[in-house]
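Architecture and fold: a report
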Amino acid sequence: MTSAIFPGSVTFCASTKLSFLQYIRENPSNRRVSASERESLIEWLTNPDKRPSSQQEFSRRHYVRKAFCWDSETQTLTAISKTGEGNNRAVVEEDAIADIVELVHEYNGHAGWDATWKDVSTFYYGILRSDVIFLLKKCQICAQNPSKQPKGPAIAQPNLQTGSGEDLDPDGLEYE
């Protein structure tokens, strides 16, 4: 994908996406959804005749029916909003996380971790904040044009070239 800010630039190169898949394997989470897990979720939602074979499966089925919904017309799996305000989020499989984060990050103008996370968490399920941070640390465009400035006032540096205390403030630091 290319950025609207820097035409012809790529936000995440292929090696970034490969290293992210390695990161996912090394840092598993039950909040991420694999392709097989997605199929399992859909089966629990669409097949009322499927019976759980254990207490663990029974609990999982109950959770899935409460937390997810399947739209057979659009073939989309969504996570139901906990507030019930209709803000359902699209379920993203592990292999699509980098593409979704890239899309959102480009759409918000490379606004940074917090803005990207806010947009991702509002519209998508299955992406962790740590995933967003991992990927944005490797954003080629943000690396070329870092827009974030340090927060707070500039730090005063001690003046090591003076031998006298004439040009020093009472704390021993020179301010310019």
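Just so you know, these numbers come straight off a predicted model, no measurement behind them.

Let us look at the overall build of the chain. For the chain, the helix and strand inventory stands at 7 helices and 4 strands. If you list the helices and strands of the chain from N to C, you get α-α-α-β-β-β-α-α-β-α-α. Taking all 176 residues of the chain together, the buried fraction comes to 30%. Carbon and sulfur atoms make up 52% of the accessible area of the chain, which amounts to about 11,600 Å² in all.

Turning to the sheet that holds strand E2 (residues 76–79), a few remarks are in order. Sheet architecture is open: 4 strands sit in the order E1-E2-E3-E4, paired in mixed fashion. The open sheet terminates on both sides in strands that have one partner only, identified here as strand E1 (68–71) and strand E4 (124–125). Bridge analysis of E1 against E2 gives 4 bridges, and the strand direction is antiparallel. In the sheet register, Cys-69 faces E2, and the bridge partner there is Thr-78. Docked against the sheet, helix H3 (residues 55–67) engages E1, E2 and E4, running at close to 65° with respect to E1.

On average, residues of the chain score 80 in pLDDT, and 76% of them reach the 70 mark or higher. Confidence scores differ between elements of the chain, with helix H7 (residues 140–144) showing the lowest mean pLDDT of 83 and E4 the highest of 96. Scored below 50 in pLDDT, residues 149–176 makes 15 contacts in the model with residues more than four places away or belonging to other chains.

Linking E1 to E2, which pair antiparallel, is a turn of 4 residues; within it Gln-75 sits at a positive phi near 60°. Sheet topology note: the E2/strand E3 (residues 89–91) ladder contains 2 bridges and is antiparallel. Its bridge partner lying in E3, Ala-79 is registered against Arg-89.

As a further point, take the packing of aromatic side chains. The description of an aromatic ring pair uses the distance of the two centres, along with the angle that the planes make with each other. Throughout the structure, instances matching the rule amount to 5 aromatic pairs. With 6.0 Å between their ring centres and 85° between their planes, Tyr-63 and Phe-68 make a pair best called edge-to-face. Sitting above the plane of the Trp-44 ring, Lys-50 keeps its charged end 4.9 Å from the centroid.

A word on the environment of Ile-100. Among the structural elements, Ile-100 can be located in helix H4 (residues 97–107). A relative accessible area of 17% places Ile-100 in the buried class. For the pair Ile-100 and Val-132, spaced 32 residues apart in sequence, the C-alpha to C-alpha distance is 9.8 Å. In contact with Ile-100, not counting residues within four places along its chain, are Val-92, Tyr-124 and Ile-127.

At a closest axis distance of 10 Å, the pairing of helix H1 (residues 14–26) and H4 adopts a crossing angle of 125°. By the angle between their directions, the pair H1 and H4 is classed as oblique. Contact residues: Lys-17, Phe-20 and Ile-24 in H1; Ile-97, Ala-98, Asp-99 and Glu-102 in H4. Grouping the constituent residues of the contact of H1 with H4 by class yields 4 nonpolar, no polar and 3 charged.

Right, let's get into helix H6 (residues 129–136). By the criterion of burial, H6 is predominantly enclosed, with 6 of the 8 residues buried. Taken together, the buried positions of H6 are occupied by Asp-131, Val-132, Ile-133, Phe-134, Leu-135 and Leu-136. Buried residues in H6 make contact with H1, H4 and helix H5 (113–123).

Further remarks concern the layout of surface pockets. By volume, the largest pocket is sized at about 310 Å³. If you trace the largest pocket, you find it lined by Arg-31, Tyr-63, Lys-66, Ala-67, Ala-79, Ile-80, Ser-81, Lys-82, Thr-83, Asn-87, Arg-89 and Tyr-125. Here the lining of the largest pocket gets 3 residues from one element, more than from any other, and that element is H3. Partitioning the lining of the largest pocket into residue classes produces 5 nonpolar, 3 polar and 4 charged.

The rules behind these values
- Residue numbers here run from 1 along each chain, matching the order of that chain's written sequence.
- Given that this is a predicted model, residues contribute local features only at a pLDDT of at least 70 and side-chain atom pairs are listed and counted only at 80 or more, while totals for whole chains, interfaces and linings are drawn from all residues.
- Note: side-chain values were computed over all heavy atoms of the structure, leaving out hydrogens and water.
- Each helix corresponds to a stretch of at least 4 residues labelled H or I by DSSP, and each strand to a stretch of at least 2 residues labelled E; elements are numbered beginning at the N terminus.
- Throughout this description, buried means an accessible area under 20% of the type-specific maximum (1.4 Å probe, protein chains only), exposed means over 50%, and partly exposed covers the range between.
- To measure how exposed things are, a 1.4 Å probe is used in the Shrake-Rupley method; for residues, cover is taken only from the protein chains shown.
- One requirement defines pairing of two strands: DSSP has to find at least two bridges between them.
- Contacts are residue-level and defined by heavy atoms, with any inter-residue pair within 4.5 Å sufficient.
- Here, axes are lines fitted to C-alpha atoms. For helices the fit covers the stretch in contact, and angles between N-to-C directions go from 0 to 180 degrees.
- Think of pLDDT as the predictor's per-residue confidence, scored from 0 to 100.
- Ring pairs are drawn from Phe, Tyr and Trp, using the six-membered ring of Trp, whenever the two centres fall within 6.5 Å, and their geometry is named by plane angle: stacked under 30 degrees, edge-to-face over 60, tilted for the rest.
- Charge-over-ring contacts are defined here by two conditions on Lys NZ or Arg CZ: a distance within 6 Å of the ring centre and an angle within 35 degrees of the ring normal.
- Roughly parallel means an angle under 35 degrees; roughly antiparallel means over 145; roughly perpendicular covers 65 to 115; every other angle is labelled oblique.
- As a working rule, the residues Ala, Val, Leu, Ile, Met, Phe, Trp, Tyr, Cys and Pro are called nonpolar, Asp, Glu, Lys and Arg charged, and the rest polar, with Gly in that last group.
- Only protein atoms enter the 1 Å grid used here. Points where a 1.4 Å probe fits but cannot escape make up a cavity, open sets with protein on both sides within 12 Å along at least five of seven lines make up a pocket, and a residue lines them when an atom lies within 4 Å of a point.
- Grid points are joined across faces, edges and corners, and a volume is the space filled by probe spheres set on the points.

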